[in-house]
Amino acid sequence: AEEACEALTCEALAALGLPRGSALSSCVAAGEAVLPRLVKLSSLLGPKFVDVWRSGGELPVELELPPTHRMHHSIFACPVSKEPTTPGNPPMLLPCGHVLALGSLTKLARGSRTVRFKCPYCPAEATTAMAKVLHL
């Protein structure tokens, strides 16, 4: 009975796209996955690394998580405006698959929901009306 309960729990979590472990264990595992790159970066940059880390700025490299941990990201920064999204300026998914903040889309479309604009990252065209809100 306990095995059946465990199997059912795993299937339900997988169907919902949720991790099998707790949120804390997921965070620890993700940190463990990038720790070797952080240590290497620290040894290469020396005191600059500590300054960047303490100031809350961005690291000079992207730290890729393994595929098992890519489902979690608490903050999305728009690649156009470089600002974090908010409930009033949510991330928007374009038909081509790229994601921008609503404010950036509005500027590209000159305030119109029907004016076509080119995606800043590929040749695809879209309108603000074609974009979908992403709930993070």
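Residues numbered from 1 in each chain as written. Predicted model: local features only at pLDDT ≥ 70, side-chain atom pairs only at ≥ 80, totals over all residues. Heavy atoms only, no water.

### Brief notes about the overall build of the chain
- A tally of regular secondary structure across the chain gives four helices and five strands.
- Starting at the N terminus, the α and β elements of the chain follow one another as α-α-α-β-β-α-β-β-β.
- Burial analysis of the chain (136 residues in total) assigns 23% to the buried set.
- Per element, the accessible surface of the chain, about 9,900 Å² overall, is 62% carbon and sulfur. (Helix = DSSP H or I, 4+ residues; strand = E, 2+ residues; numbered from the N terminus. Buried < 20%, exposed > 50% of the residue type's maximum accessible area, 1.4 Å probe, protein only. Areas by Shrake-Rupley, 256 points an atom, 1.4 Å probe, with all protein chains shown as cover.)

### Examining the pattern of salt bridges
- Going through the model one piece at a time under the given rule, you end up with one salt bridge.
- The partner of Glu 125 in a salt bridge is Arg 116, with the nearest N and O atoms 3.3 Å apart.
- For Arg 116, a relative accessible area of 48% gives the class partly exposed. (Salt bridge = Lys/Arg side-chain N within 4 Å of Asp/Glu carboxyl O.)

### With respect to the sheet that holds strand β5 (residues 132–133)
- The strand order β2-β1-β5 describes an open sheet built from three strands, whose pairing is antiparallel. Of all the strands in the sheet, just β2 (99–101) and β5 have a single pairing partner and so form its edges.
- Where strand β1 (residues 91–93) meets β5, two bridges bridge the pair, whose relative direction is antiparallel. The residue bridging Met 92 from the neighbouring strand is Val 133, located in β5. (Pairing = 2+ DSSP bridges.)

### Considering unusual backbone geometry
- In this structure, Lys 82 takes a positive phi of about 65° despite not being glycine.
- Position of Lys 82 relative to the elements: it lies in the loop between α3 (47–55) and β1.
- Even without being a glycine, Arg 110 presents a positive backbone phi close to 55°.
- As for its placement among the helices and strands, Arg 110 is situated in the loop between α4 (102–108) and β3 (117–118).

### Quick word on the environment of Gly 31
- Within the element layout of this structure, Gly 31 appears in helix α2 (residues 23–45).
- Separated by 34 residues in sequence, Gly 31 and Leu 65 have C-alpha atoms that sit 8.8 Å apart.

### A look at the nonpolar core
- Listed in full, the 12 residues of the largest apolar core are Cys 78, Met 92, Leu 94, Leu 100, Ala 101, Leu 105, Ala 109, Phe 117, Cys 119, Cys 122, Ala 126 and Ala 131.
- If we skip the residues at most four places from it in the chain, Ala 126 touches Leu 94, Pro 95, Val 115, Arg 116 and Phe 117. (Core = buried A, V, L, I, M, F, W, Y, C linked by side-chain atoms within 4.5 Å. Contact = heavy atoms within 4.5 Å.)

### Section: the environment of Ala 101
- Among the structural elements, Ala 101 can be located in strand β2.
- Among the residues examined, Ala 101 registers a relative accessible area of 1% and is labelled buried.
- In this structure, the C-alpha to C-alpha distance between Ala 101 and Thr 86, residues 15 residues apart in sequence, is 8.8 Å.
- The residues contacting Ala 101, other than those within four sequence positions of it, are Cys 78, Thr 85, Asn 89, Pro 90, Pro 91 and Met 92.

### A short note on the side chain of Thr 128
- As for its position among the elements, Thr 128 is in the loop between β4 (125–126) and β5.
- The exposure class of Thr 128 is buried, given its relative accessible area of 6%.
- A distance of 3.4 Å separates the side chain of Thr 128 from the backbone oxygen of Ser 112, its partner in a polar contact.
- In this structure Thr 128 touches Leu 102, Leu 105, Ala 109, Ser 112, Arg 113 and Phe 117, once residues within four positions along its chain are discounted. (Polar contact = N/O pair within 3.5 Å; in protein donor to acceptor, adjacent residues only side chain to side chain.)

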